[in-house]
Amino acid sequence: MPKLKVIVVGAGLGGLCLAQMLRRADIEVEIFERDAGPWARQQGYRLHIDRDGVNALREVLPDDLYRLFEATAMRPLPFTTIVDTGLKELRRMPSGGPDRAPRHWLAEGDPQHVNVDRTTLRHILLTGLQDVCRFGARMLRYETDAEGVTAVFSDGSTARGDILVGADGIRSAVRRQRLPEARIVDTGVRAIYGRIPIERVRHLLPGQVLGDVFTVASDARRVFFGLGPVVFPNRPDVASGRIAPQAGLSSQEDYVVCIVGGRREYFPGDGAMPREAGGPALQALSIGMLDDWPEAAGTILAHGDPSSFFAIEMHTSVPCDLEETFRVTLLGDAIHVMTPTLGRGANVAMRDAALLGHAIVAVERGEVGLALALNAYEREMTDYGFSVVRESAAMGQRLMGQDPLPAQRSHRVAFLKRRSLQPSVFLL
Ligand SMILES: Cc1cc2nc3c(=O)[nH]c(=O)nc-3n(C[C@H](O)[C@H](O)[C@H](O)COP(=O)(O)OP(=O)(O)OC[C@H]3O[C@@H](n4cnc5c(N)ncnc54)[C@H](O)[C@@H]3O)c2cc1C
């Protein structure tokens, strides 16, 4: 029976989920993360988790950590509410819906939509993995041979294993080497995110904001303003003390994440400025973007924590085909990064992790060969992953003026020719 060693590059949500699952199955795993430590970089605030994410977490986490996730996850009403620029309710739309429901294994009573604090979730996912997680390890490249795969890091060190998983996000070094033709493109949309303690704005918020998944307004330019609550049902530090003391979660206050975004033309310097600016300047800019709106939105933004504001440029992957692999695979944003319009990127990354985890466990048990297992995983993962990329792009086009997804380039044809297949078989 094989005794596998798995190298995971990237300790984001996807990489940690996979490592949790492998650990549960007693498969040797080592995670290499370029950041100096788990909290070296601000990674965002609220995350919308849907049934893909809930399913994956239930599959990969030990029972106590899954219960801790549940105990700290807000269960909002399953609505996204559209408001006008004066924040008056226009309509409430069910989040997701049966037609959008992914195939899943949801247990009776499991929530279908939760709002979680990203730091709290990542903390839970890191629990029990500290001894196999190497920080300050930036992978540069890998080399494969008949017996295994070797990852090479920026400090000259190397690590050897049977399988290498690129869970290294949007600028994935693993993807660059494995799929040099794969494209990540700028969608033309920019956004500024910030965090507002609830107690400062409770009296200013429209009634449903603290209950729904998300509330959003947009104007004729499709410049938008969104609010998403994180109201902890239990204090994270108290819940972890009761359920999983080894997690040692820290105390957190309830907050609302705020987002102001739109096409880069509406930002100073054609959207180049937000990248350079600090938190207070970005907060002022986000308020300025809504200058001609009734004052309610700007007043709410002004209550945000100035240092919490940061800017992002929204990028998307362009769906592509993957050639067959033997030892090196990808998951999450490393292969199918998408715009956050549907709030699904992390969910799909965690779904990948659970699916790949099952595949690796089957190899370890001798039920299937390594190449067969990885290629079956990649077929299924790219099928649902790229379909969510397309869905997010279509929604982003309608709601934020996102550039349409470019057509797939000729490397697809070259790939098909190499495999002697007719392009018409695959054209979308
Ligand atoms: C503002 C914003 C809001 C979002 N909101 C939601 C939401 O509500 N719901 C949702 O589902 N998704 C959301 N997303 C998307 C979600 O954040 C991502 O899809 C998710 O984090 C992807 O997880 P990942 O593990 O694939 O990659 P990441 O979380 O990006 O992790 C990749 C890790 O790899 C490390 N790394 C990179 N290069 C190397 C290297 N060479 N060597 C070693 N390590 C490396 C990085 O430091 C990082 O820690 C949002 C995204 C943004 C930007």
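Residues numbered from 1 in each chain as written. Predicted model: local features only at pLDDT ≥ 70, side-chain atom pairs only at ≥ 80, totals over all residues. Heavy atoms only, no water.

### Here's the deal with helix H1 (residues 13-24)
An α-helical turn contains 3.6 residues, so any two residues separated by three or four positions project in the same direction. Note the threshold: Strands here are runs of E lasting at least two residues and helices are runs of H or I lasting at least four, both read from the DSSP assignment and numbered beginning at the N terminus. Expected helix span is computed as 1.5 Å times (number of residues minus one). Residue exposure (1.4 Å probe, protein chains only): buried if accessible area is under 20% of the type maximum, exposed if over 50%, otherwise partly exposed.
Compared with an ideal rise of 1.5 Å per residue, which puts 12 residues at 16 Å, H1 spans 17 Å between its outermost C-alpha atoms and is within 8% of the ideal. Of all 12 residues in H1, 10 are buried; the element is thus mostly enclosed. Among the residues of H1, Leu13, Gly14, Gly15, Leu16, Cys17, Leu18, Ala19, Gln20, Met21 and Leu22 are the ones counted as buried. Asp26 occupies a position one or two residues after H1 and carries a positive phi of about 65°.

### Remarks on the site of the ligand
For the record, the criterion: Throughout, the term near means that a residue has one or more heavy atoms lying within 4 Å of the molecule or strand in question. Here a polar contact is recorded for every N or O atom pair within 3.5 Å, except that within protein the pair must consist of a potential hydrogen donor and a potential acceptor, and residues adjacent in sequence are included only if both atoms are side-chain atoms. Values of accessible area rely on a 1.4 Å probe in the Shrake-Rupley scheme; residue burial ignores everything except the protein chains shown. Residues are grouped as follows: nonpolar covers Ala, Val, Leu, Ile, Met, Phe, Trp, Tyr, Cys and Pro; charged covers Asp, Glu, Lys and Arg; every other residue, Gly included, is treated as polar.
Around the ligand sit 31 residues, and of these Glu33, His48, Arg118, Asp333 and Asn347 come closest. In this structure, Met139 approaches the ligand through a main-chain N or O atom, which is 2.9 Å from a nitrogen atom. Considered on its own, the ligand offers 1,000 Å² of accessible surface; in the complex 87% of this is hidden by protein. Elements represented by at least two residues in the shell around the ligand include exactly H1, strand S2 (28-33), strand S3 (46-50) and helix H12 (345-364). The leading source of residues in the shell around the ligand is H12, at 4 residues. Considering only residue class, the shell around the ligand consists of 12 nonpolar, 9 polar and 10 charged.

### Focus on the nonpolar core
Selection criterion: To qualify as a nonpolar core, a set must consist of buried Ala, Val, Leu, Ile, Met, Phe, Trp, Tyr and Cys residues joined through side-chain atoms within 4.5 Å. All the domain ranges listed were derived from an automatic or database domain assignment.
If you look at the biggest cluster of nonpolar residues, it comprises 87 residues, and the most contacted ones within it are Phe69, Leu121 and Leu164. Split by domain, the residues of this core number at least three in each of domain 1 (5-74 + 116-186 + 316-400) and domain 2 (187-314). One finds Ile192, Leu285, Leu290 and Trp293 within the second-largest nonpolar core, a separate group that totals 26 residues.

### Focus: the packing of helix H2 (residues 51-60) against H12
We count it as follows: Where helices are involved, their axes are fitted lines through C-alpha atoms of the stretch in contact, as for all axes, and angles between N-to-C directions lie from 0 to 180°. Throughout, a crossing is termed right-handed when the near helix is turned clockwise from the far one, and left-handed when it is turned anticlockwise from it by less than a right angle. The criterion used for residue contact is that any of the two residues' heavy atoms lie within 4.5 Å.
Their axes nearest at 8 Å, the elements H2 and H12 cross at an angle of 35°. In this structure, H2 crosses over H12, and the sense of that crossing is left-handed. In this structure, H2 contributes Asp52, Gly53, Ala56, Leu57, Glu59 and Val60 to the contact, and H12 contributes Asn347, Met350, Arg351, Ala354 and His358. Across the contact of H2 with H12, the residue classes tally to 5 nonpolar, 3 polar and 3 charged.

### Brief notes about the sheet that holds strand S13 (residues 212-218)
Operational definition: DSSP-based pairing: two strands are paired if at least 2 bridges between them are found.
Here we have 7 strands laid out as an open sheet, ordered S5-S4-S13-S14-S15-S12-S16, and mixed in their pairing. Looking at strand neighbours, the two that pair on one side only are strand S5 (89-94) and strand S16 (310-317), the edges of this open sheet. For this sheet, the mean inter-axis angle between neighbouring strands, taken without regard to orientation, is 25°. By the bridge criterion, 5 bridges tie strand S4 (residues 77-83) to S13 in an arrangement that is parallel. Within the sheet, the bridge partner assigned to Thr80 lies in S13 and is Phe214. Docked against the sheet, helix H9 (residues 279-289) engages strand S12 (184-197), strand S15 (255-263) and S16, running at close to 105° with respect to S12. Helix-sheet contacts for helix H10 (residues 295-302) involve S12, strand S14 (224-230) and S15, and the interaxial angle to S14 is about 50°.

### Structural notes on the environment of Met400
Tracing the chain through its elements places Met400 in helix H13 (residues 370-400). Once the C-alpha coordinates of Met400 and Phe224 are considered, the two residues, 176 residues apart in sequence, prove to be 7.4 Å apart. Ignoring any residue separated from it by four or fewer positions in sequence, one finds Met400 in contact with Val189, Arg222, Phe224, Arg263, Met314, Thr339 and Thr341.

### So, the sheet that holds strand S8 (residues 139-144)
Within the open sheet, the 3 strands sit side by side as S8-S9-S10. Their pairing is antiparallel. The two strands at the open ends of the sheet, each matched to only one other strand, are S8 and strand S10 (158-161). Across this sheet, the average inter-strand angle for adjacent strands is 20°, counted without regard to direction.

### A closer look at the packing of H9 against H10
In plain terms, the rule: Angle categories: roughly parallel below 35 degrees, roughly antiparallel above 145, roughly perpendicular from 65 to 115, and oblique for all the rest.
Put simply, H9 and H10 touch, their axes get as near as 9 Å, and they point 170° apart. In terms of axis orientation, H9 runs roughly antiparallel to H10. Residues Gln283, Ser286 and Ile287 of H9 touch H10, and the partners they reach there are Gly298, Leu301 and Ala302. When grouped by side-chain class, the residues that make up the contact of H9 with H10 number 3 nonpolar, 3 polar and no charged.

### What to know about the packing of aromatic side chains
To describe a pair of aromatic rings, you give the distance between the ring centres and the angle between the ring planes. Test applied: Here the aromatic set is Phe, Tyr and Trp, taking the six-membered ring for Trp, and pairing holds for ring centres within 6.5 Å; pairs whose planes are under 30 degrees apart are stacked, those over 60 apart are edge-to-face, and all others are tilted. A ring has a charge above it when a Lys NZ or an Arg CZ is no more than 6 Å from the ring centre and no more than 35 degrees off the ring normal.
Applying the stated criterion across every chain yields a total of 6 aromatic pairs. Seen from their ring centres, Tyr66 and Phe69 are 5.7 Å apart, and the 45° between their planes marks the pair as tilted. Of this pair, Tyr66 and Phe69 both sit in helix H3 (residues 63-72), 3 residues apart, roughly one helical turn. Comparing Tyr66 with Phe69, the two get one shared label, buried. Ring geometry for Phe225 versus Trp293: centroids 6.5 Å apart, planes at 80°, classification edge-to-face. Pair noted here: Phe225 is in strand S14 and Trp293 is in the loop between H9 and H10, with a separation of 68 residues, a long-range link. For Phe225, a relative accessible area of 2% puts it in the buried group. Ring-pair connections join several aromatic residues into one group, and the members of that group are Tyr45, Tyr193, Tyr255 and Phe310. A cation over an aromatic ring shows up here: Arg221 above the ring of Tyr266, its NZ or CZ 5.4 Å from the ring centre.

### Quick notes on the pattern of salt bridges
Applicable threshold: Salt bridges are counted wherever a side-chain nitrogen of Lys or Arg sits within 4 Å of a carboxyl oxygen of Asp or Glu.
This structure, assessed with the given rule, holds 23 salt bridges. Glu30 is the partner of Lys5 in a salt bridge, and the nearest nitrogen-oxygen pair spans 2.7 Å. Placement of Lys5 in strand S1 (residues 5-9) and of Glu30 in strand S2 is noted, with a sequence separation of 25 residues between them. Accessibility assignment for this pair places Lys5 and Glu30 in one class, buried. Arg263 is paired through a salt bridge with Glu265; the nearest N and O atoms lie 2.9 Å apart. Overall, the relative accessible area of 15% leaves Arg263 in the buried class. Given the relative accessible area of 45%, Glu265 is considered partly exposed. Each of Asp50, Asp52, Arg344 and Arg351 takes part in salt bridges that share partners, so that together they form one network.

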